[in-house]
Amino acid sequence: MANPINEPWPDGTRAQLLSLGITVNRITESFTASLPTEEEIRTLRVGAGVPVLRYARRHIVDTDRIVEVAHRIVRRGDTTVMDFVIALDE
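Residues numbered from 1 in each chain as written. Predicted model: local features only at pLDDT ≥ 70, side-chain atom pairs only at ≥ 80, totals over all residues. Heavy atoms only, no water.

A. Representation of unusual backbone geometry. Even without being a glycine, Asp64 presents a positive backbone phi close to 70°. Along the chain, the position of Asp64 falls in the loop between strand 2 (52-60) and strand 3 (66-76). Notably, Arg72 is not glycine yet its phi reads approximately 60°, a positive angle. (Helix = DSSP H or I, 4+ residues; strand = E, 2+ residues; numbered from the N terminus.)

B. A look at the confidence of the model for the protein chain. Averaged over every residue, the pLDDT of the protein chain is 88; the share at 70 or more is 89%. Mean pLDDT per element in the protein chain: helix 1 (residues 12-19) is the minimum at 83, and helix 2 (residues 38-44) is the maximum at 95. (pLDDT = per-residue confidence, 0-100.)

C. The arrangement of the sheet that holds strand 1 (residues 26-34) in detail. One open sheet holds the three strands; their spatial order is 1-2-3, and the pairing between them is antiparallel. The open sheet has two free edges, formed respectively by strand 1 and strand 3, since each of these has just one partner strand. Averaged over all adjacent pairs, the angle separating strand axes in this sheet is 15°, with direction ignored. Direction of pairing for strand 1 relative to strand 2: antiparallel, over a ladder of nine bridges. Bridge assignment links Thr28 to a residue of strand 2, and that residue is Arg58. (Pairing = 2+ DSSP bridges. Axes fitted to C-alpha atoms, helices over the stretch in contact; angles between N-to-C directions.)

D. Quick peek at the packing of aromatic side chains. Within this structure, the stated rule accounts for two aromatic pairs. Taking the centre distance of 6.3 Å and the plane angle of 85° together, the rings of Phe31 and Phe84 count as edge-to-face. A residue pair is termed long-range when its members are at least 10 positions apart, and Phe31 in strand 1 and Phe84 in the segment after strand 3 qualify at 53 residues. Classification of Phe31 by relative accessible area gives partly exposed; the value is 30%. Look at Phe84 and you get exposed, because its relative accessible area is 59%. Taken together, the ring pairs in this structure connect Phe31, Tyr55 and Phe84 into an aromatic cluster. (Phe/Tyr/Trp six-rings, centres within 6.5 Å; stacked < 30°, edge-to-face > 60°. Buried < 20%, exposed > 50% of the residue type's maximum accessible area, 1.4 Å probe, protein only.)

E. Structural view of the environment of Arg58. Summarising the element assignment, Arg58 is placed in strand 2. Once the C-alpha coordinates of Arg58 and Ile27 are considered, the two residues, 31 residues apart in sequence, prove to be 5.5 Å apart. Not counting chain neighbours up to four residues away, the residues in contact with Arg58 comprise Arg26, Ile27, Thr28, Glu29, Ser30, Ile66, Glu68 and Val69. Within polar-contact distance, the side chain of Arg58 engages the side chain of Ser30 at 2.7 Å. (Contact = heavy atoms within 4.5 Å. Polar contact = N/O pair within 3.5 Å; in protein donor to acceptor, adjacent residues only side chain to side chain.)

Written as structure tokens, this is what we have:
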């Protein structure tokens, strides 16, 4: 699916999957936080005491099949903001 010629894909991963006939109906994400590894310190250019946030994102179709995984996305934990919206039935 990933082709460097097409990156970045207009409208993102969902559009790329849809172009292949795959309709994603939900995305899940899992988060963990801790101090960085030596590799993360070098890559992110942070100090050893700066926490990092690690997460994995999964694109899932209506049969509960995972069709794409972005695994081990790592961000600085001290400057990353996560906003969540939870829609409730009225």
